[in-house]
Amino acid sequence: MATNLLQKIRWAAWGLVGVAAIVGGGLMMGSLQEAVQSGRKAPAAIQIGGPFVLTSHKGEVFASDALKGKPYALFFGFTHCPDICPTTLLEMTRHLDALGQDASKMNVLFVTVDPERDTVEQLQAYMSSFHDGITGLTGTPEQIAQVAKLYRAYFKKAPSPTDPDDYTMDHSATVYLFDGSGRLTSTLDWQEDEAVQLKKLQRLVAAVS
């Protein structure tokens, strides 16, 4: 019984590392959110986005140039994520379903922070459970690190406290929303009500002619 209790404590502590990363990222994004909502230009230190080249879950080269002229949502995660990632993907699936035909007016990108395990084949199997309008992206560790830096996303490998051969990934949980010119317009927070999230997406696609 004592051993089980110790394991639970270790797993709780491990989970708190991820929560701390999410909270820290949330504080930064809160400042950014305030800037974009007030119409002010975000400080250079926290401006988001930039050119990148990755590989889609269909095995195709995906360059950020393909995003020009169309709004998009982008967020980071990994296929072995136990909660936030699948929850976010399910929420985005419901949002795209709710948008109906307007869903085709935007791109939705899921970028893995675990390229070691998230191969094209793994991503393809994983993404089959969600809306086909969501594109999974992977790449080399160097490519993923570059994209995370461009989008000010945090991620770090966290070894399992009970299994030396296993690990999880701490990472930012923010969904970034960009207009057709590549300007950050808003974010979706994992704690927001889904109705609030949907309204943000509706405003995003409403601006598309």
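Remember, predicted model here, so these are calculated numbers, not experimental data. (Residues numbered from 1 in each chain as written. Predicted model: local features only at pLDDT ≥ 70, side-chain atom pairs only at ≥ 80, totals over all residues. Heavy atoms only, no water.)

Participant: Would you mind going over the overall build of the chain with me for this structure?
Facilitator: When its secondary structure is counted, the chain shows five helices and nine strands. In the chain, the proportion of contacts linking residues at least 24 apart, taken out of those at least 6 apart, comes to 71%. Of the accessible surface of the chain, which amounts to about 10900 Å², a share of 56% is contributed by carbon and sulfur atoms. (Helix = DSSP H or I, 4+ residues; strand = E, 2+ residues; numbered from the N terminus. Contact = heavy atoms within 4.5 Å. Areas by Shrake-Rupley, 256 points an atom, 1.4 Å probe, with all protein chains shown as cover.)

Participant: I keep staring at the sheet that holds strand E8 (residues 175-178) and nothing clicks. Help me out?
Facilitator: Strands in a sheet are paired, the pairing made by backbone hydrogen bonds, and the direction either parallel or antiparallel. Read from one edge to the other, the open sheet built from seven strands follows the order E2-E1-E5-E4-E3-E8-E9, with strand pairing classed as mixed. Only two strands of the sheet have a single neighbouring strand rather than two, namely strand E2 (61-63) and strand E9 (184-188). Sheet twist, expressed as the average angle between the axes of neighbouring strands with direction ignored, equals 35°. Relative to E9, E8 is paired through four bridges, and the arrangement is antiparallel. Paired with Tyr-176 across the strands is Thr-187, a residue of E9. Strands strand E3 (72-77), strand E4 (107-112), strand E5 (134-138), E8 and E9 of the sheet are contacted by helix H2 (residues 84-99), whose axis makes an angle of about 160° with E3. In the packing of helix H4 (residues 141-150) onto the sheet, contacts are made with strand E1 (53-56), E3, E4 and E5, and the angle to E1 comes to roughly 115°. (Pairing = 2+ DSSP bridges. Axes fitted to C-alpha atoms, helices over the stretch in contact; angles between N-to-C directions.)

Participant: Just checking my understanding: could you explain the pairing of E1 for this structure?
Facilitator: Every other side chain in a regular strand lies on the same face of the sheet, so the side chains alternate between the two faces. Here E1 pairs with E2 via three bridges, running antiparallel. Along E2, the bridge assignment pairs Val-53 with Ala-63. Counting the residues that bridge the hairpin from E1 to E2 gives four residues, and of these Gly-59 lies at a positive phi of roughly 85°.

Participant: Is there a simple way to think about helix H3 (residues 120-127) in this case?
Facilitator: Helical geometry note: an α-helix holds 3.6 residues per turn, so side chains three or four residues apart project in the same direction. What H3 keeps buried is the set Leu-123, Tyr-126 and Met-127. For H3, the arc enclosing every buried residue in end-on projection is 90°, short of the 170-degree limit, so these residues lie on one face. At its buried positions, H3 is contacted by H2, E4 and E5. (Buried < 20%, exposed > 50% of the residue type's maximum accessible area, 1.4 Å probe, protein only. Arc of directions from axis to C-beta.)

Participant: Would you mind going over the pattern of salt bridges with me for this structure?
Facilitator: Should the charged atoms of two oppositely charged side chains come close, the side chains can pair. Scanning the model with the defined rule gives eight salt bridges in all. The salt bridge involving Lys-68 is made with Asp-65; its shortest N-O contact spans 3.6 Å. Measuring nitrogen to oxygen at the nearest pair gives 2.9 Å for the salt bridge that ties Glu-116 to Lys-157. Taken together, the positions of Glu-116 in the loop between E4 and H3 and Lys-157 in strand E6 (residues 155-159) put the pair 41 residues apart, joining distant regions of the chain. You can call Glu-116 exposed: its relative accessible area is 55%. Owing to a relative accessible area of 40%, Lys-157 belongs among the partly exposed residues under this scheme. (Salt bridge = Lys/Arg side-chain N within 4 Å of Asp/Glu carboxyl O.)

Participant: Honestly, the environment of Ser-64 in this entry has me stumped. Any pointers?
Facilitator: Relative to the helices and strands, Ser-64 is located in the loop between E2 and E3. Relative accessible area serves as the criterion here: at 13%, Ser-64 is assigned to the buried category. Sequence-wise, Ser-64 and Val-53 are 11 residues apart; in three dimensions their C-alpha atoms are separated by 6.3 Å. Every residue in contact with Ser-64, bar those within four places of it in the chain, is listed here: Gly-50, Pro-51 and Phe-52. Among the polar contacts listed, one links the side chain of Ser-64 to the backbone nitrogen of Phe-52, at a separation of 2.9 Å. (Polar contact = N/O pair within 3.5 Å; in protein donor to acceptor, adjacent residues only side chain to side chain.)

Participant: Explanation requested: the environment of Thr-112 in the structure shown.
Facilitator: Position of Thr-112 relative to the elements: it lies in strand E4. Linking Thr-112 and Ala-148, residues 36 residues apart in sequence, is a C-alpha distance of 9.7 Å. For Thr-112, the residues in contact, after removing those within four places along its chain, are Gly-77, Phe-78, Asp-118, Leu-137, Thr-138 and Ile-144. A polar contact of 2.5 Å, which involves the side chain of Thr-112, links it to the side chain of Asp-118.

Participant: Explanation requested: the pairing of strand E7 (residues 167-171) in the structure shown.
Facilitator: Within E7, five of the five residues are buried, which leaves it mostly tucked inside the rest of the structure. With burial as the criterion, each face of E7 is covered, one bearing Tyr-167, Met-169 and His-171 and the other bearing Thr-168 and Asp-170. Relative to E7, E6 is paired through five bridges, and the arrangement is antiparallel. By the bridge assignment for E7, Lys-157 is matched with Met-169.

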